[in-house]
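# Understanding the architecture of this molecule
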Amino acid sequence: MPGIDLGHGRFRQAYSENALVKIIQNGIPRTAMPPNNLQDFQAEIVVAYLRSLATTGRTVSGNGDAARGKALFEGKGNCAGCHRVNGNGSRVGPDLSDIAALRRTVEIERSLLEPNEEVLPQNRSYRAVTKQGETITGRLLNVDTFTVQILDSKERLVSLQRSDLRESGFVNNSPMPSYRDKLSSQELADVLAYLGTLKGL
């Protein structure tokens, strides 16, 4: 529904769980919210899901400034040291040119504050250790029967023979630092406002 941020669990009025169940089942007349043919337990699952999206105590206020956020992204946050936006920045981390079209603000915020909480499979780092003891960590570009190609932390394409490796595999933790103690609440709101404008070309 327009004007309601379900991702943050914010509604125009305070509703009890039973009231939300009835709204989901019956809809709201003269609005875009249609009735749904759901049993009580099904509607309760939907309510539980919506409540789980709320991040009370963790979300920042919505008063961020995108221009200040862009300056923080490129400056204090050093985000461009790993991420690319519209052709500018590093290729070490995921390209963020269309991040707002792919992820909700609450998910982006979680990645900034708790980067290890959810690492998408395509964003996991890969670590290879050669038989000589050299360790290469970066983004996995390709792996086949004989070789491994990694974009390392210096943006170099490294091609390794699997027969020369002592071990290799994905790293569970994100290489991204937490910005919980690096940015103030206002700065975080600004960065999120800027990232919220990145919806691709």
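Here, the structure is the one placed above.
Figured I'd write up the structure that's included with this text. (Residues numbered from 1 in each chain as written. Predicted model: local features only at pLDDT ≥ 70, side-chain atom pairs only at ≥ 80, totals over all residues. Heavy atoms only, no water.)

## Some words on the pairing of strand S3 (residues 125-130)
Basically, it comes down to this: Type-normalised accessible area, obtained with a 1.4 Å probe on protein chains alone, sets the label of each residue: buried when under 20%, exposed when over 50%, and partly exposed for intermediate values. Elements are defined by DSSP. Helices are runs of H or I of four residues or more, strands are runs of E of two residues or more, and each kind is numbered from the N terminus. Think of it this way: DSSP has to see at least two bridges between two strands before they count as a pair.
Of all six residues making up S3, five are buried, and the element is well covered by its neighbours. Pairing between S3 and strand S4 (residues 135-143): five bridges, direction antiparallel. Across the sheet, the residue bridging to Arg127 is Thr137, located in S4. Connecting S3 to the antiparallel partner S4 that follows it, the hairpin turn spans four residues, and Gly133 within it adopts a positive phi of roughly 95°. Inspection of the sheet shows S3 paired to strand S7 (residues 165-170) by five bridges, in the antiparallel sense. Its bridge partner being in S7, Val129 is matched across the sheet by Glu167.

## Notes on unusual backbone geometry
In the Ramachandran plot, Arg30 falls in the positive-phi region, its phi being about 60° despite a non-glycine side chain. Among the secondary structure elements, Arg30 is positioned in the loop between helix H1 (17-26) and helix H2 (40-53).

## Re helix H6 (residues 185-195)
Residue pairs three or four apart in sequence face the same way in an α-helix, which turns once every 3.6 residues. As a reminder, the rule being used: By definition in these notes, contact holds between two residues if any of their heavy atoms fall within 4.5 Å.
Judged by how many residues are buried, H6 sits mostly within the fold: eight of eleven residues are covered. Residues of H6 that are buried sit in contact with helix H3 (66-74), strand S1 (84-85), helix H4 (99-102) and helix H5 (105-113).

## Description of the sheet that holds S4
Just so we agree on the cut-off: A fitted line through C-alpha atoms represents every axis, and for helices the fit uses only the stretch in contact; the resulting angles, taken between N-to-C directions, go from 0 to 180 degrees.
Read from one edge of the open sheet, five strands run S6-S5-S4-S3-S7, paired in antiparallel fashion. Both outer strands of the open sheet, strand S6 (157-161) and S7, are each paired with one neighbouring strand and no more. In this sheet, adjacent strand axes meet at a mean angle of 40° when their direction is disregarded. Here five bridges tie S4 to strand S5 (residues 147-152), and the two strands are oriented antiparallel to one another. Residue pairing across strands places Gly138 opposite Asp152, the latter belonging to S5.

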